Amino acid sequence: MGQSASSRLTDAPPAMGGVSLTRDFTTDLPDECLALVFQSLRSGDRKSCSLVCRRWLAVESHSRRSLSLDARAALLDVAPAIFGRFDGVSRLALQCGHRHESIGDEALALVAARFPGLVSLKLRACRALTVAGMEAIARHCPGLRELSVSSCTFGARGIDVVLRGCPLLEDLSIKRLRGLHDPSATADLVAGAASLRSLCLEDLYNGQCFAPFIAGSPNLKTLKLIRCSGDWDPLLQDIAARVPWIVEIHLERLQVTDSGLTALSGCIDLEILRLVKTPECTDAGLATIADRCHRLRKLHIDGWKGNSIGDEGLQAVAQRCAGIRELVLAGLNPTYRSLELIASNCGCLERLALCGSETIGDAEVACIASKCTSLKKLCIKECPVSDQGMEALAAGCPKLVKMTVKRCSGVTPECADRLVASRHGMLAVNLEVNDGSTNDQQQEATEEGSAFEEFGVAAAIGGSELPRPLVDGVGSKGRWPGKKKRAGFFATRRNLVASALRRWSHGSSNSSHSRT
């Protein structure tokens, strides 16, 4: 009780075979290897390691590249100590609760001066920041490549000064930014950014003030417009005419019609299209996209059960976009005719989700089973299918590895067990039976994002981003990598570790020769 880590190491009894356990062998481990180990740990584990000894504290501090801080006003008092410890940070997130006073321009200026090599900055609910604070970022951090602001109040001018001072900015996300309603404050904004590749505008009033900036960014590849007020058809026409090389477009709860889709069809390099709750987009607009965007490989449509998109538009996609690999249809009612055409023509289809449809039954599932030979993931939710349709998958879709079935009352757990047994354990089946305990609001939210979550794009739906946990005001990325990522981490750094060990061994050998 009460012993330090070092004393426990030295008090350990000697091991069998003549190998002593009284020595701390980590002292011979090079700092580079120790840093690689720390980088694979969670934030809490890294903090625990930093308490072991002074050396581990120094290595952990210098090797940390990402930092997430509670951005309340009190941060200014402890900022010098925190920034003095973590001197290698290049990715910083500052997040304040909506009920607390946030940091101001003085603290942000201190951040900019202390981390001139910052490449990523995220500001969440920092309502006390003004244009002066953003000017400090532009002045001290010219290498900034990623900027994300949410629930801030410095308006378009704060974004403008960063765009002018950070010519390498590639990724820009603006959410719930206030101060856009004043025309005088949005006039004479920067006309474009040559380096910008990704832009997300979400929950903005008068987001159209950024339209000239979007149209003036020739290298833009990803554009996401989510819940922004106003008519976007004229702006999409201008954007498509001046930036025709866009690869990904996400339109959600936006006032856009077939006219806007027709304009976007000029983006012939388009590969990813997401139309979420845009009821004025119909079969005609989707057919226009299919006619010209033959490189389309991901298509997500949430029709909001408005029946504005149906067989005609989906048949056009099946006939002209044979390279589709991922298809998500939510709130639509496609019939056997369009599904058969998709299954027959789209031989590369690997991921398919059908949600909230009244027309997807056993016959449609059997068609998918017999003709979608490349399918790897299948998601069916709230569709009138039964065990009979599901059992057709036992002999079909030879490459299927994962299937999710939720709130389909006709499918039983016994059927799911038979499917798993028929594939000799090579198929994972996730079955969720609707027990009636989900209220309407929860059910609507689940329907909105569930299909997209299956394919790893949950953040795209609604543009929502869950806040990262903050522990004692300091955190790392706050995200624990999966097994594949951890395996990849060690695999990609194997040469670096081996090189460090060789240098260490060579140094030890030289020292031993010098002693002899």
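Note that the structure is predicted; figures quoted are calculated from it, not measured.

Participant: Explanation requested: the overall build of the protein in the structure shown.
Facilitator: Of regular secondary structure, the protein possesses 21 helices and 16 strands. In the protein, which comprises 516 residues, the share counted as buried stands at 47%. Put simply, of all contacts in the protein between residues at least 6 apart along the chain, 75% involve residues at least 24 apart. Of the accessible surface of the protein, which amounts to about 24100 Å², a share of 54% is contributed by carbon and sulfur atoms.

Participant: Sorry if this is basic, but what is going on with the confidence of the model for the protein here?
Facilitator: A low pLDDT means the predicted coordinates there should not be read in detail. Mean pLDDT for the protein: 81, with 78% of residues reaching 70 or above. Confidence over residues 436–448 falls short of pLDDT 50; this stretch has 13 contacts with residues more than four positions distant or in other chains. In this model residues 456–516 is a low-confidence stretch, pLDDT under 50, and it forms 83 contacts with partners more than four residues away in sequence or in other chains.

Participant: How should I be thinking about the side chain of lysine 298 in this particular structure?
Facilitator: As for its position among the elements, lysine 298 is in strand S10 (residues 298–302). For lysine 298, the contacting residues outside a window of four places in its chain are Glu271, Ile272, Leu273, Ile324, Glu326 and Arg351.

Participant: Got a minute to help me understand the pattern of salt bridges in this structure?
Facilitator: A side chain of one charge can pair with a side chain of the opposite charge when the charged atoms of the two come close. By the definition in use, this model includes 23 salt bridges. Between aspartate 311 and arginine 337 there is a salt bridge, with the nearest N and O atoms lying 3.3 Å from each other. In this pair, aspartate 311 sits in helix H14 (residues 311–320) while arginine 337 sits in helix H15 (residues 336–345), placing the two residues 26 residues apart along the sequence. Salt-bridge contacts for lysine 371 lead to glutamate 340; the nearest nitrogen and oxygen are separated by 2.9 Å. Of this pair, lysine 371 sits in helix H16 (residues 362–371) while glutamate 340 is found in helix H15, placing the two residues 31 residues apart along the sequence. According to the relative accessible area criterion, lysine 371 is partly exposed, its value standing at 30%. Look at glutamate 340 and you get partly exposed, because its relative accessible area is 28%. Put simply, Lys175, Arg176, Glu202, Asp203, Arg227 and Glu252 are held in one network by salt bridges that share partners.

Participant: I tried to follow helix H11 (residues 233–242) on my own but got confused; where do I start?
Facilitator: Within the sequence span of H11, burial applies to Asp233, Leu235, Leu236, Ile239 and Ala240. One side of H11 holds all its buried residues, which, seen down the axis, span an arc of 155 degrees. Those residues of H11 that are buried are in contact with helix H10 (211–215), strand S7 (222–226), strand S8 (248–252) and helix H12 (258–264).

Participant: Help me understand the packing of aromatic side chains in this model?
Facilitator: Any two aromatic rings considered together are summarised by their centre-to-centre distance and by the angle between their planes. Enumeration according to the criterion identifies one aromatic pair in this entry. Pairing phenylalanine 83 with phenylalanine 115 gives two aromatic rings, centres 5.0 Å apart and planes at 70 degrees, and the pair type is edge-to-face. With phenylalanine 83 in helix H5 (residues 75–85) and phenylalanine 115 in the loop between helix H6 (105–114) and strand S3 (120–124), this pair connects stretches of sequence that are 32 residues apart. The same class applies to phenylalanine 83 as to phenylalanine 115, namely buried.

Participant: Could you clarify how one ought to interpret H14 in this entry?
Facilitator: Counting buried positions along H14 gives seven out of 10 residues, so the element sits mostly inside the fold. Taken as a whole, H14 has its buried residues at Asp311, Gly313, Leu314, Gln315, Ala316, Val317 and Ala318. Those residues of H14 that are buried are in contact with helix H13 (283–292), S10, strand S11 (326–330) and H15.

Participant: Can you help me understand the pairing of strand S6 (residues 198–202) in this one?
Facilitator: Sheet faces and side chains relate simply in a regular strand, where the side chains alternate between the two faces. When you tally the buried positions in S6, you get five out of five residues, the bulk of the element. Neither face of S6 is exposed, since Ser198, Cys200 and Glu202 on one face and Leu199 and Leu201 on the opposite face are all buried. For strand S5 (residues 171–175) and S6, the ladder comprises five bridges, and the chain directions are parallel. Bridge pairing in S6 links aspartate 171 to serine 198. Inspection of the sheet shows S6 paired to S7 by five bridges, in the parallel sense.

Participant: Just to check I follow, could you spell out the side chain of glutamate 146 for this structure?
Facilitator: Take glutamate 146: it is sitting in strand S4 (residues 146–150). At a separation of 3.4 Å, a polar atom in the side chain of glutamate 146 contacts the side chain of serine 120. Among all residues touching glutamate 146, those that are not within four sequence positions of it are Arg91, Val119, Ser120, Leu121, Lys122, Leu169 and Asp171.

Participant: Quick question: what am I supposed to make of the packing of H15 against H16 here?
Facilitator: For any two helices packed against each other, one specifies the inter-axial angle together with the distance between the axes. In the contact formed by H15 and H16, the axes pass within 9 Å of each other and the chain directions differ by 10 degrees. Looking at the two axes, H15 sits roughly parallel to H16. Packed against H15, whose contacting residues are Tyr336, Leu339, Glu340, Ala343 and Ser344, the element H16 presents Ala363, Glu364, Cys367 and Lys371 at the interface. For the contact of H15 with H16, the residue count by class is five nonpolar, one polar and three charged.

Participant: Even after reading the chapter, I still don't get the nonpolar core, so can you show me in this structure?
Facilitator: Nonpolar side chains in soluble globular proteins tend to be buried together. By size, the foremost hydrophobic cluster in this structure holds 126 residues, and its most contacted members are Leu94, Leu123 and Met390. Here this core gets five residues from one element, more than from any other, and that element is helix H8 (residues 155–165). Other than its neighbours up to four places away in sequence, leucine 123 contacts Leu94, Leu108, Leu129, Met134, Ser148, Val149, Ser150, Cys152 and Phe154.

Quick notes on the rules
- Residues numbered from 1 in each chain as written.
- Predicted model: local features only at pLDDT ≥ 70, side-chain atom pairs only at ≥ 80, totals over all residues.
- Heavy atoms only, no water.
- Helix = DSSP H or I, 4+ residues; strand = E, 2+ residues; numbered from the N terminus.
- Buried < 20%, exposed > 50% of the residue type's maximum accessible area, 1.4 Å probe, protein only.
- Contact = heavy atoms within 4.5 Å.
- Areas by Shrake-Rupley, 256 points an atom, 1.4 Å probe, with all protein chains shown as cover.
- pLDDT = per-residue confidence, 0-100.
- Salt bridge = Lys/Arg side-chain N within 4 Å of Asp/Glu carboxyl O.
- Arc of directions from axis to C-beta.
- Phe/Tyr/Trp six-rings, centres within 6.5 Å; stacked < 30°, edge-to-face > 60°.
- Pairing = 2+ DSSP bridges.
- Polar contact = N/O pair within 3.5 Å; in protein donor to acceptor, adjacent residues only side chain to side chain.
- Axes fitted to C-alpha atoms, helices over the stretch in contact; angles between N-to-C directions.
- Parallel < 35°, antiparallel > 145°, perpendicular 65-115°, else oblique.
- Nonpolar A, V, L, I, M, F, W, Y, C, P; charged D, E, K, R; others polar.
- Core = buried A, V, L, I, M, F, W, Y, C linked by side-chain atoms within 4.5 Å.

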